Amino acid sequence: VSVHSFLRVRLLLASWNRYSGSSESPVSARSEKMDTDATRAALEALLAAFAAGDNDRLAALYDDDVDWLFHCPASVFPFAGRRRGKAEVFQGFALFYRDYKLVGYDVLVKLVDGDQAAIVSDVHSIQRATGRTMRSHIAGFHRFRDGKLIEYRGFTDSFDAVEQILGRGLQV
């Protein structure tokens, strides 16, 4: 990772609250920040559980009141959008696994600072209804407390993802 990329992600981490819609996250205000090593360990455990499809282990790593948001059109990707609480997040995961088979998940960039982490991942999935392959890069921003995920923001090129799922380019 270049110094320039690292600094850009540090700026994103520093301005976390600007795009989350508040001056202070309601979940982070309740506890002390985790240190970088503890956050790195929690992130590694979360990523391993997700990549393995181990929902029991994954659920143990989510706070009951997690604030989760994946920016993508929910009309095309019903698992996307805002979800509050572990139950809603896992309902979204169930929708993802109903419609898609995850066939590859590689983390390309990983940065951790205090209780926050940022990753860029390459995700490869197959739409079950059509057999179409979808490959996307996803930027994920995580915040942890006491070894559990309390806040997540995910971003992808949703225009490209929609084109892949439809199997054709969109006219704009």
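Here, the structure is the one placed above.
So, a few notes on the structure that sits alongside this text. (Residues numbered from 1 in each chain as written. Predicted model: local features only at pLDDT ≥ 70, side-chain atom pairs only at ≥ 80, totals over all residues. Heavy atoms only, no water.)

Attention now moves to the nonpolar core. By size, the foremost hydrophobic cluster in this structure holds 35 residues, and its most contacted members are Tyr62, Phe70 and Phe77. Those elements giving two or more residues to this core turn out to be helix H3 (36-52), strand S1 (62-71), helix H5 (86-99), strand S3 (100-113), strand S4 (116-127), strand S5 (133-145), strand S6 (148-156) and helix H6 (158-166). When near neighbours in sequence (up to four residues on either side) are disregarded, Tyr62 contacts Leu46, Trp68, Lys86, Val89, Phe90, Phe93, Lys148 and Leu149. (Core = buried A, V, L, I, M, F, W, Y, C linked by side-chain atoms within 4.5 Å. Buried < 20%, exposed > 50% of the residue type's maximum accessible area, 1.4 Å probe, protein only. Helix = DSSP H or I, 4+ residues; strand = E, 2+ residues; numbered from the N terminus. Contact = heavy atoms within 4.5 Å.)

With that settled, the discussion passes to the pattern of salt bridges. Under the criterion given, the structure shown has 14 salt bridges. When the shortest N-O distance is used, the salt bridge between Arg40 and Asp37 registers 3.6 Å. Note that Arg40 and Asp37 are positioned in helix H3 at a spacing of three residues, about one turn of the helix. Since its relative accessible area comes to 36%, Arg40 is described here as partly exposed. Note that Arg143 is salt-bridged to Glu151, the shortest N-O span being 3.1 Å. Glu151 carries the same exposure label as Arg143, and that label is buried. Beyond isolated ion pairs, a larger network of salt bridges with shared partners links Asp67, Arg82, Arg84, Asp115, Arg143, Glu151 and Arg153. (Salt bridge = Lys/Arg side-chain N within 4 Å of Asp/Glu carboxyl O.)

We now examine the sheet that holds S3. Spatial ordering of the open sheet is given by S2-S1-S6-S5-S4-S3, a layout of six strands whose pairing is mixed. In this open sheet, the two strands that pair with only one neighbour each are strand S2 (81-84) and S3. Averaged over all pairs of adjacent strands, the angle between strand axes in this sheet comes to 20°, irrespective of strand direction. Relative to S4, S3 runs antiparallel, the two sharing 12 bridges. Residue pairing for S4: Asp106 is matched across the bridge by Asp122. Across the face of the sheet, H3 comes into contact with S1, S3, S4, S5 and S6 while running at roughly 170° to S3. Those strands touched by H6 are S3, S4, S5 and S6, and its axis lies near 140° from that of S5. (Pairing = 2+ DSSP bridges. Axes fitted to C-alpha atoms, helices over the stretch in contact; angles between N-to-C directions.)

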